[in-house]
Amino acid sequence: MHVRQAFAFLLPGPVVLAWGLFLLFSLSSCGLSRSSLPFLSRDGLERIRLVSWNVQTFFDAERDGGEYEDFVTNKNWGEAAYTERLRRLCDCLARLDADVLVLEEVESEAVLQDIGNFLCSTWMLGRRYRWAAFAREYGGSLGCAVLSRYPLDGISCHSVTALVPQQGKRPGLRPLMQVRVEKNGRSFYLIVNHWKSMSGGKAESEGLRMEQEALLEGCIAGVGRFPVLACGDFNRDITDFAMGGPGSVLLRAGDESLAVQSPWFADDGELLGPGSYYYKEEWSRIDGFLYSGRLAVEGFRAETDGPWCYGDTKVPKKYTVWNGKGYSDHLPISCTLVF
């Protein structure tokens, strides 16, 4: 197991005055004071609304060498196109109004800063995101990000060197980012995932996803009974996991397995639909939440009430570089965490 690069910083306000770079350090408890946070609910539990969204190759206008070819060669891509895409994304994020926002396929911490600044003009002070974290593998093009209204602490990243070659090579595997989210003295671990895609073939790439599955199993097992939520783009339909008990799947690591819950299953065991990703005229449920410990999930859904999908079919409006239209080829998913 290798530790990869991780960044964490405080979002100070509408204009970025300064920001701190932390390499695998805990964040300081700055930002909102404890007295400004809400009181415990009447049942003694805390609730946080969380949204996870693969925002599809969200590059900025700078050419740093890691951009995909269709961005580099397209004459329409530049500062104006990036700013317009950023504005549309932030309009959607404001509409989704998550307490904790997880984004996959963000190019850099600089893009995350831009997102935070755009959103600062949307909400009053108490609703703004004060904490953020970003992780990307060395040499990678895209990373994962977290924006939070509540303190983030204990950020770390976990990765493995691919043991299973694909097309004769051992590709880099995106790291899992782990961070603790705290609200009013209660906390849970959040583990952000973006597993190997199915490019090159579903069966041919499955061994690489199994390695990331084993890594996730180890991370969740390592925190014991502490509340933990794994989320993101698993690039594997929920039905392709090994099934556990009612509403659960198994994460496997060699001969070991760990049962975790998935909200894609209704109380009667039926799958909720249609899914979060639409490809070749088929829906799949490759984005999701997996959770264990003293944690419950309420109100899970794939978000279809917004401009990011077609109103009649709910199919995501994929972003297209050549005309600058669309949002993402994934739907955002949301839930309320009770812990």
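The structure displayed is predicted, hence computed values, not measured ones.

Each value, and the rule that gives it
In this numbering scheme, every chain counts its residues from 1 along its sequence in written order. Only residues with pLDDT of at least 70 are given local features in this predicted model, and only at 80 or more are side-chain atom pairs given and counted; all residues enter the totals for whole chains, interfaces and linings. With hydrogens and water stripped out, all remaining heavy atoms of the structure feed into the side-chain values. Secondary structure counts use DSSP, requiring at least four H or I residues in a row for a helix and at least two E residues in a row for a strand, with both numbered from the N terminus. Distance and chemistry together define a polar contact, namely a pair of N or O atoms within 3.5 Å, with one atom able to donate a hydrogen and the other to accept it when in protein, and with adjacent residues in sequence counting only for side-chain atoms on both sides. Ring pairs are drawn from Phe, Tyr and Trp, using the six-membered ring of Trp, whenever the two centres fall within 6.5 Å, and their geometry is named by plane angle: stacked under 30 degrees, edge-to-face over 60, tilted for the rest. Summary of the burial criterion: residues with accessible area below 20% of their type's maximum are buried, those above 50% are exposed, and those between are partly exposed, where the area comes from a 1.4 Å probe applied to protein chains only. Both a distance and an angle decide whether a charge sits over a ring: NZ of Lys or CZ of Arg must be within 6 Å of the ring centre and within 35 degrees of the ring normal. What counts as a salt bridge is simple: a side-chain nitrogen of Lys or Arg found within 4 Å of a carboxyl oxygen of Asp or Glu. Only protein atoms enter the 1 Å grid used here, on which a cavity is any set of points holding a 1.4 Å probe that cannot leave and a pocket is any open set flanked by protein within 12 Å on both sides along at least five of seven lines; residues with an atom within 4 Å of a point are listed as lining. Grid points are joined across faces, edges and corners, and a volume is the space filled by probe spheres set on the points. Note on definitions: angles span 0 to 180 degrees between N-to-C directions of axes, and those axes are lines fitted to C-alpha atoms, for helices only across the stretch in contact. Note on terminology: angles under 35 degrees are roughly parallel, angles over 145 are roughly antiparallel, angles of 65 to 115 are roughly perpendicular, and the others are oblique. Here is the rule for handedness: rotate from the far helix to the near one, and if that takes an anticlockwise turn smaller than a right angle the crossing is left-handed, while a clockwise turn gives right-handed. Contacts between residues were defined by any pair of non-hydrogen atoms, one from each residue, lying within 4.5 Å. Polar here means any residue outside two lists: the nonpolar Ala, Val, Leu, Ile, Met, Phe, Trp, Tyr, Cys and Pro, and the charged Asp, Glu, Lys and Arg; Gly therefore counts as polar. Only strands that DSSP links by at least two bridges are regarded as paired with each other. Pairs of cysteine sulfur atoms within 2.5 Å are identified as disulfides in what follows. We define the nonpolar core as a collection of buried residues of types Ala, Val, Leu, Ile, Met, Phe, Trp, Tyr and Cys that are connected through side-chain atoms lying within 4.5 Å of one another. Expected span, for any helix, means 1.5 Å times one less than how many residues it has.

A. The arrangement of the side chain of Ser156 in detail. Assignment of secondary structure puts Ser156 in strand S6 (residues 152–158). Separated by 3.2 Å, the side chains of Ser156 and His158 make a polar contact.

B. Summary view of the packing of aromatic side chains. Counted by the stated rule, this structure contains 15 aromatic pairs. With centroids separated by 5.9 Å and ring planes inclined at 50°, the aromatic side chains of Trp195 and Phe241 adopt a geometry described as tilted. Of this pair, Trp195 sits in the loop between strand S8 (186–194) and helix H4 (202–222) while Phe241 sits in the loop between strand S9 (228–233) and strand S10 (242–243), and the two are 46 residues apart along the sequence. According to the relative accessible area criterion, Phe241 is buried, its value standing at 4%. Three or more aromatic residues joined by ring pairs make a cluster, and in this case those are Phe59, Tyr68, Phe71, Trp77 and Tyr319. For the cation-ring pair, Arg85 lies above Tyr319, with the distance from its terminal atom to the ring centre recorded as 3.8 Å. The lysine or arginine in question, Lys317, covers the ring of Tyr310, its NZ or CZ lying 5.3 Å from the ring centre.

C. Focus on the pattern of salt bridges. Counted by the stated rule, this structure contains 17 salt bridges. A salt bridge links Arg88 to Glu84, with the nearest nitrogen and oxygen atoms 3.5 Å apart. Placement of both Arg88 and Glu84 in helix H2 (residues 79–96) is noted, with a separation of four residues, approximately one turn of the helix. Judged by its relative accessible area of 12%, Arg88 is buried. Salt bridges here are not isolated pairs; linked through shared partners, they connect Glu206, Arg209, Glu213, Arg236 and Arg252.

D. Inspection of empty space enclosed by the protein at higher detail. Inspection of every chain in the model, using the stated rule, returns three cavities of 30 Å³ or more. Here the largest cavity defines a volume of roughly 50 Å³. In terms of lining residues, the largest cavity is bounded by Trp53, Val55, Phe58, Arg85, Arg88, Leu89, Gly326, Tyr327 and Ser328. Secondary structure elements with two or more residues in the lining of the largest cavity: strand S2 (47–58) and H2.

E. Up close: the packing of H2 against helix H3 (residues 109–120). One can describe the packing of H2 onto H3 by two numbers: an axis separation of 9 Å at closest approach and a directional angle of 60°. It follows that H2 is oblique to H3 by the angle criterion. Between H2 and H3 the crossing geometry is right-handed. Along its contact with H2, which presents Tyr82, Thr83, Leu86, Arg87, Leu89, Cys90, Leu93 and Ala94, the element H3 presents Val111, Asp114, Ile115, Phe118 and Leu119. The class makeup of the residues in the contact of H2 with H3 is ten nonpolar, one polar and two charged.

F. Region of the structure containing the pairing of strand S15 (residues 287–292). Counted residue by residue, S15 has six buried out of six residues, so it is predominantly covered. Residue alternation in S15 divides its side chains into two sets, Asp287, Phe289 and Tyr291 and Gly288, Leu290 and Ser292, and both sets are buried. Where S9 and S15 come together, six bridges link them in antiparallel fashion. Residue pairing across strands places Ala230 opposite Leu290, the latter belonging to S15.

G. Structural context of the side chain of Ser276. Position of Ser276 relative to the elements: it lies in the loop between strand S12 (256–261) and strand S13 (277–279). For Ser276, a relative accessible area of 0% translates into the label buried. A polar contact of 2.6 Å, which involves the side chain of Ser276, links it to the side chain of Asp287. Apart from the residues lying within four places of it in its own chain, the contact partners of Ser276 are Trp264, Trp283, Ser284, Arg285, Ile286, Asp287, Pro316, Asp329, His330, Leu331 and Ile333.

H. Quick look at the state of the cysteines. Under the defined criterion, the tally for this structure stands at zero disulfides. You can see Cys231 has no disulfide; the closest cysteine sulfur is in Cys335, sitting 8.2 Å from it.

I. Broad picture of the layout of surface pockets. Of the pockets and cavities examined, the largest pocket occupies roughly 940 Å³. In this structure, the largest pocket is lined by 35 residues; those nearest its centre are Ser197, Asn235, Tyr277, Tyr279 and Asp329. Of all the secondary-structure elements, those providing two or more residues to the lining of the largest pocket are S2, helix H1 (69–72), S13 and strand S14 (282–284). Of the residues that constitute the lining of the largest pocket, the class distribution is 13 nonpolar, ten polar and twelve charged.

J. Molecular detail of the pairing of S12. Taken together, the six bridges between strand S11 (residues 248–253) and S12 define a ladder with antiparallel strand orientation. By the bridge assignment, Val249 is partnered in S12 with Val260.

K. Structural detail: the nonpolar core. Membership of the largest hydrophobic core comes to 90 residues, with the highest contact counts inside it found for Ile115, Leu190, Leu216 and Leu229. With eight residues, the single largest contributor to this core is H2. Setting aside residues up to four positions removed in sequence, Ile115 forms contacts with Leu86, Leu89, Cys90, Leu93, Leu103 and Leu147.

L. Representation of H2. Taking 1.5 Å of rise per residue, 18 residues should cover 26 Å, and H2 covers 26 Å from first to last C-alpha, within 8% of that figure. Along H2, the residues that are buried comprise Tyr82, Arg85, Leu86, Arg88, Leu89, Cys90, Cys92, Leu93, Ala94 and Leu96. On its buried face, H2 sits against S2, H1, strand S3 (100–106) and H3.

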